[in-house]
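Topology and contacts: notes
Residue strings, one per chain:
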Amino acid sequence: MKAVSVIGSADDANNGPQPDDTVRAVLRELVETCPDPSKLIELYYWSAEPGLLETLHRLLDLPEEPREVLRAFVTMVADCPDTVTVTVSPGGAVTLSSPAVAQLMSRMDPMS
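Residues numbered from 1 in each chain as written. Predicted model: local features only at pLDDT ≥ 70, side-chain atom pairs only at ≥ 80, totals over all residues. Heavy atoms only, no water.

1. Digging into the overall build of the protein chain
For the protein chain, the count of helices and strands is 6 helices and 2 strands. Listed by position from the N terminus, the elements making up the protein chain come as α-α-α-α-α-β-β-α. For the protein chain, the proportion of its 112 residues judged to be buried stands at 8%. Pairs at least 24 residues apart make up 23% of the contacts formed inside the protein chain by residues separated by at least 6 positions. Of the roughly 9,300 Å² of accessible surface on the protein chain, 62% is carried by carbon and sulfur atoms. (Helix = DSSP H or I, 4+ residues; strand = E, 2+ residues; numbered from the N terminus. Buried < 20%, exposed > 50% of the residue type's maximum accessible area, 1.4 Å probe, protein only. Contact = heavy atoms within 4.5 Å. Areas by Shrake-Rupley, 256 points an atom, 1.4 Å probe, with all protein chains shown as cover.)

Okay, here's the thing in structure tokens:
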């Protein structure tokens, strides 16, 4: 994809594309070159969810191990999110649990 400046300068008002035109050009380029444009619509939809982008940024800031554990947990409860419970201890320990995850884990444990 060719590089396009999204921020216009004062000279752009008289000599070139307006910032809105440039943004439209970038969006058009994204849609035309994206292998699955429906993913762009999905991203737009999710970006409107209050607090979601900030939450994703904070999750991505986590060290790899806790981030991967959280990812695995939410993957395991994808079909039953309403089974998830959370407890927070006075010492700050946060525990996420779900009977579905416990069941999956017991299947993986050769001692059970």
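2. Some remarks on the confidence of the model for the protein chain
Mean pLDDT for the protein chain: 85, with 82% of residues reaching 70 or above. Looking across the protein chain, the model is least confident in helix α1 (residues 12-15), with a mean pLDDT of 56, and most confident in strand β1 (residues 85-88), with 97. (pLDDT = per-residue confidence, 0-100.)

3. Things to note about the pattern of salt bridges
All told, the structure shown has 4 salt bridges when counted by the stated rule. A salt bridge links R58 to D61, with the nearest nitrogen and oxygen atoms 3.3 Å apart. A residue pair is termed a helical-turn pair when its members lie 3 or 4 positions apart in one helix, as R58 and D61 do in helix α4 (residues 52-61) at 3 residues. Like R58, the residue D61 is exposed in the burial classification. The partner of R71 in a salt bridge is E68, and the shortest N-O contact between them spans 2.8 Å. Of this pair, R71 and E68 both sit in helix α5 (residues 64-76), 3 residues apart, roughly one helical turn. (Salt bridge = Lys/Arg side-chain N within 4 Å of Asp/Glu carboxyl O.)

4. Looking at the pairing of strand β2 (residues 94-97)
The side chains of a regular strand alternate between both faces of the sheet. Pairing between β1 and β2: 4 bridges, direction antiparallel. By the bridge assignment for β2, T85 is matched with S97. Between β1 and β2, which follow one another and run antiparallel, lie 5 residues, and G92 among them has a positive phi close to 100°. (Pairing = 2+ DSSP bridges.)

5. Remarks on the packing of aromatic side chains
Applying the stated criterion across every chain yields a total of 1 aromatic pair. Ring geometry for Y45 against W46: centres 5.3 Å apart, planes inclined by 75°, an arrangement best described as edge-to-face. Looking at W46, the relative accessible area reads 42%, which means it is partly exposed. (Phe/Tyr/Trp six-rings, centres within 6.5 Å; stacked < 30°, edge-to-face > 60°.)

6. Quick look at a nonpolar patch on the surface
Together, L53, L56, L59, L62, L70, V86, V88, V94 and L96 make up an exposed nonpolar region whose accessible area comes to about 710 Å². At the level of elements, α4, β1 and β2 are the ones that each hand at least two residues to the nonpolar patch. Examining the composition of the nonpolar patch, we find that 3 residues originate from one element, α4, more than from any other. By secondary structure assignment, the location of L53 is in helix α4. On the accessibility criterion, L53 (40% relative accessible area) is partly exposed. (Patch = residues over 30% accessible without salt bridge, like charges linked within 9 Å, V, L, I, M, F, W, Y side chains within 5 Å.)

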